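# Residue-level structural notes
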Amino acid sequence: MQRIEDILRAVVITATQELFGQAAAGEQVQFQKTRKEFAGDITIVVFPLTRLSKQSPEATAEAIGTYILSHFASADAFNVVKGFLNIELKASFWTSFLKDMSTHDKYGFGDKGSRGPIMVEYSSPNTNKPLHLGHLRNNFLGYSVARILEAYGHDVVKVQIINDRGIHICKSMLAWQRFGNGETPASSGLKGDKLAGKYYVAFDKAYKAEIAEGITSGKSEDEAKASAPIMLAAQEMLLKWEQKDPDTIALWKTMNGWVYDGFDATYHEMGVDFDKLYYESDTYLLGKETVDLGLEKGVFYRREDGSVWCDLTGDGLDEKLLLRKDGTAVYMTQDIGTAIMRFREYPGLLSQIYTVGNEQEYHFKVLFLILKKLGIPGAENCVHLSYGMVELPEGKMKSREGTVVDADDLLAEMAATAQAIAEEQGKLEDVSADEKAVLYKTIGYGALKYFLLKVDPRKTMLFDPKESIDFIGNTGPFIQFNYVRTRAILRKADAADLKVDWQIDNLSDAERALIKKLYEFPDVLATAAQTLDPSQIANYVYDVVKEYSSYYQASPILKEEDPNIRSMRLSLTEQTGKVVKAGMELLGVGMPERM
RNA sequence: GGUCCCGUAGCUCAGCUGGAUAGAGCAUCUCACUUCUAAUGAGACGGUCACAGGUUCGAAUCCUGUCGGGAUCACCA
């Protein structure tokens with residue numbers, strides 16, 4: 001369906017040609033939504049057109065308005081305020097739009113797969129540390145962006161990279177060997193990721209004790225750190241791992257398995273998933289091979305000590321290490337390997353989108369530049385979806401100070417809050433216990449997801465655990481509640497009223513405003529997809545719902561006596577619910593049928 | 001020190017091609033439930049858009065500088 005802006009733009013261009021003898025350029029025809037205090041549906045800003053008309057803004061607007069009225073059938077009236085030409089469209093324009101949208105299941109969505117394949121990476125946690133609030137923002141963001149891109153018409157591949165090798169893994173393995181007494185998730189009742197995290201902490205504690213001991217026996221701090229027996233043992237274990245020592249590999253597999261099980265449980269609760277997992281243990285070798293290639297091409301160089309570097313000073317950056325002097329890979333090496341492997345496995349991939357915190361902006365700038373220098377096709381389209389930290393009132397989360405907000409705990413808390421509120425309201429007495437449990441999660445998790453996604457991703461945001469997350473106002477539950485209202489009405493409506501062949505020739509201001517909002521959805525989706533910004537969808541859906549809520553309070557729907565109007569209002573209710581549900585599902589938020 | 005991001009109401013945030021009198025939610029205060037689900041609605045209160053210049057018919061938005069906050073510049077990941 002052709003957008004109103006495009007139609008009007010064409011009309012204005014011919015108008016300027018006929019009236020002023022010179023056609024306006026497309027970008028000179030500027031539109032904006034008419035402000036609520038003025039009559040009209042769409043406003044043309046005529047200032048840029050005065051250059052063609054050589055007349056005052058008012059006269060220019062008047063002339064164009066008159067032309068539009070006689071050349072565009074859907075225009076009903078116009079008024080001019082300073083340089084703003086407000087155009088009122090006929091009610092039939094909006095009613096026929098409403099009827100038209102009701103014939104589309106996926107109103108506003110792009111054709112499936114019409115925009116090519118694209119990859120979105122998110123999550124990618126440290127396997128030694130359980131997921132926390134920051135990961136929740138990351139996962140919800142990445143998952144939502146993937147859904148938005150899919151709705152926009154891309155084929156999306158959701159992936160994560162699992163950092164499953166390196167000295168940090170050996171630390172928790174070693175601590176478990178020393179202090180674990182064979183403890184397993186089954187024997188301890190702990191989630192696997194929590195168990196591994198526990199031994200990672202235990203390692204750190206033992207290590208610190210050994211450093212302190214070393215210092216008291218007269219060593220410097222650096223010496224004490226370097227000679228701490230448990231650290232030496234961890235390094236030895238890494239060496240064994242790289243030599244594929246069977247016992248070490250077996251332990252590695254076992255403990256990683258626990259962690260993955262734990263993460264999977266959390267991902268399941270969060271409602272996110274992945275199409276493909278990449279493991280650094282599989283990709284770092286390709287990274288190392290690529291270093292050789294870069295050396296051959298002269299993109300990299302080797303220093304006397306054997307280390308390999310890339311000189312980016314010509315691009316305003318620094319020199320970057322790619323291989324240590326002992327020949328082992330660093331983070332960057334692995335990421336190069338991973339990126340290349342992905343482009344190989346998914347030929348035609350338009351872009352890779354990395355959902356990673358903004359503290360790694362420099363890393364990704366360097367990564368993309370190196371990929372480009374290596375001549376990897378697609379490198380120039382890679383994007384770092386950089387998001388801000390979630391901070392607490394006292395600042396960043398710090399594990400040392402015990403201020404880390406654990407993802408599992410927070411999710412459980414959200415469901416419990418939803419339960420408490422629901423029980424207080426007592427509207428769910430006839431719902432089964434199983435259904436209630438699902439509902440509390442839908443509402444509680446919905447509140448959390450909406451809370452994290454309604455904010456511009458790149459901004460640092462604040463989370464106050466003491467105030468917890470609201471369920472009223474601009475929140476997920478408020479949106480769900482209004483959706484539930486639409487469902488309740490539609491359940492109660494007579495089948496005979498649920499038709500779209502109603503005939504209405506005028507709309508109330510509230511109805512017109514609501515339909516106009518629904519009309520915006522495709523534009524909002526496009527903006528969200530292009531800017532990788534779910535907050536666009538979140539704030540839009542809130543606007544829709546606020547409009548509906550006000551309308552609902554003021555206008556009878558089922559109780560409207562005129563069957564024609566009743567049917568129209570039911571259509572409006574149904575279409576509002578459809579857009580709200582579609583929008584919230586793009587955020588990964590489920591919509592309950594009742595609450 | 002270099003580079004990047006941010007600064008809008010008491011608090012949390014919108015404001016995206018530069019446009020009309022800068023908007024929401026929370027908090028505070030009024031009013032409205034025998035009603036299609038009040039997890040609501042209507043209203044009041046609340047702003048030198050950090051500051052100073054500049055560009056423009058027009059700047060919260062673009063440019064420059066200053067101040068304040070954060071990140072980053074590892075043979076860590």
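Residues numbered from 1 in each chain as written. Chains lettered and ligands numbered in written order. Predicted model: local features only at pLDDT ≥ 70, side-chain atom pairs only at ≥ 80, totals over all residues. Heavy atoms only, no water.

### A few points about the overall build of chain A
Each helix and strand in chain A was counted, giving 20 helices and 14 strands. Projecting the C-alpha coordinates of chain A onto the three principal axes gives extents of approximately 90 × 65 × 40 Å. A sequence separation of at least 24 residues applies to 74% of the contacts in chain A between residues at least 6 apart. Where the 69 positive side-chain charges of chain A centre and where its 85 negative ones centre are 1 Å apart. (Helix = DSSP H or I, 4+ residues; strand = E, 2+ residues; numbered from the N terminus. Contact = heavy atoms within 4.5 Å. Lys, Arg positive; Asp, Glu negative; His and termini not counted. Charge placed at Lys NZ, Arg CZ, Asp CG, Glu CD.)

### Brief notes about the sheet that holds strand E10 (residues 319-323)
With respect to topology, three strands assemble into an open sheet ordered E8-E9-E10, the strand pairing being antiparallel. Bordering the open sheet on either side are strand E8 (300-302) and E10, each of which pairs with just one other strand. Ignoring strand direction, the axes of neighbouring strands in this sheet form an average angle of 35°. As judged from the four bridges shared by strand E9 (residues 308-311) and E10, these two strands associate in the antiparallel manner. From the neighbouring strand, Trp-309 faces E10, where its bridge partner is Leu-321. (Pairing = 2+ DSSP bridges. Axes fitted to C-alpha atoms, helices over the stretch in contact; angles between N-to-C directions.)

### Remarks on the sheet that holds strand E5 (residues 117-121)
Taken in spatial order, the five strands make up an open sheet running E7-E6-E5-E11-E12, and their pairing is parallel. What marks the edges here is a single partner per strand, and that holds for strand E7 (276-279) and strand E12 (383-387). Here the average twist between neighbouring strands, direction ignored, is 25°. Relative to E12, strand E11 (residues 352-357) runs parallel, the two sharing five bridges. Across the sheet, the residue bridging to Val-356 is Ser-386, located in E12.

### Considering the packing of helix H15 (residues 407-425) against helix H16 (residues 433-453)
For any two helices packed against each other, the geometry is given by the interaxial angle and the distance between the axes. It is at 8 Å that the axes of H15 and H16 come closest, and there the two elements cross at 120°. As summarised for this structure, H15 and H16 are arranged oblique, according to the angle between their axes. The way H15 lies across H16 gives a crossing that is right-handed. Touching Leu-410, Leu-411, Met-414, Ala-415, Ala-418, Gln-419, Ala-422 and Glu-423 of H15 are Tyr-440, Lys-441, Ile-443, Gly-444, Tyr-445, Ala-447 and Leu-448, all from H16. For the contact of H15 with H16, the residue count by class is eleven nonpolar, two polar and two charged. (Parallel < 35°, antiparallel > 145°, perpendicular 65-115°, else oblique. Left-handed = near helix turned anticlockwise from the far one by under 90°. Nonpolar A, V, L, I, M, F, W, Y, C, P; charged D, E, K, R; others polar.)

### Focus: the protein's contact with RNA strand B
Close to RNA strand B lie 69 residues; Phe-84, Asp-305, Gln-425, Lys-427 and Gln-536 are nearest. Close to the protein, within 4 Å, the atoms of RNA strand B are drawn from sugar and phosphate at a rate of 60%. At a separation of 2.4 Å, a base nitrogen of RNA strand B approaches a polar backbone atom of Tyr-552. Contacts to RNA strand B include Gln-553, whose side-chain N or O atom sits 3.3 Å from a sugar or linking oxygen. Listing elements by their share of the surface near RNA strand B, those giving two or more residues are strand E1 (30-33), strand E2 (42-45), strand E4 (84-89), helix H14 (361-373), H15, strand E14 (461-462), helix H17 (476-492) and helix H19 (534-554). Here the residues of the surface near RNA strand B sort into 31 nonpolar, 17 polar and 21 charged. (Near = heavy atom within 4 Å. Polar contact = N/O pair within 3.5 Å; in protein donor to acceptor, adjacent residues only side chain to side chain.)

### A word on the pattern of salt bridges
What the rule picks out here adds up to 31 salt bridges. Salt-bridge contacts for Glu-520 lead to Lys-33; the nearest nitrogen and oxygen are separated by 3.7 Å. With a gap of 487 residues between them, Glu-520 in helix H18 (residues 509-531) and Lys-33 in strand E1 connect regions that are remote in the sequence. In this structure, the salt-bridge partner of Glu-121 is Arg-342, at a minimum N-O distance of 2.8 Å. On the criterion of sequence distance, the pair formed by Glu-121 in strand E5 and Arg-342 in helix H13 (residues 331-345) is long-range, its members being 221 residues apart. (Salt bridge = Lys/Arg side-chain N within 4 Å of Asp/Glu carboxyl O.)

### Here we look at the packing of aromatic side chains
To describe a pair of aromatic rings, you give the distance between the ring centres and the angle between the ring planes. With the rule as written, the count across this model stands at 22 aromatic pairs. Chaining the aromatic ring pairs together yields one cluster made of Phe-93, Trp-94, Phe-97, Tyr-107, Phe-109, Tyr-519, Phe-521 and Tyr-540. For Arg-165, the ring lying beneath its charged end belongs to Tyr-284, and the centroid distance is 3.9 Å. (Phe/Tyr/Trp six-rings, centres within 6.5 Å; stacked < 30°, edge-to-face > 60°. Lys NZ or Arg CZ within 6 Å of the ring centre and 35° of its normal.)

### Let's talk about H14
Here H14 contains 13 residues, and its C-alpha end-to-end distance of 18 Å stays within 8% of the 18 Å for a straight helix at 1.5 Å per residue. Along H14, the positions that sit buried rather than exposed are His-363, Phe-364, Val-366, Leu-367, Phe-368, Leu-369, Ile-370 and Leu-371. Contacts made by the buried residues of H14 are with E8, E9, E10, H13, E11 and E12. Gly-375 lies just past H14 and shows a positive phi near 75°. (Expected span 1.5 Å × (residues − 1). Buried < 20%, exposed > 50% of the residue type's maximum accessible area, 1.4 Å probe, protein only.)

### What about the side chain of His-384?
Within the secondary structure layout, His-384 lies in strand E12. There is a polar contact of 2.8 Å between the side chain of His-384 and the backbone oxygen of Val-356. Within the local environment of His-384, its side chain forms a polar contact with the backbone oxygen of Gly-357, the two atoms lying 3.5 Å apart. Apart from residues lying up to four places away in sequence, His-384 is in contact with Tyr-354, Val-356, Gly-357, Asn-358, Gln-360, Glu-361, Phe-364 and Phe-368.

### Side note on the environment of Leu-453
Turning to its location among the elements, Leu-453 is positioned in helix H16. Spatially, the C-alpha atom of Leu-453 lies 5.5 Å from that of Ser-535, the residues being 82 residues apart in sequence. The residues contacting Leu-453, other than those within four sequence positions of it, are Phe-140, Leu-141, Ser-144, Pro-534, Ser-535, Ala-538 and Leu-587.

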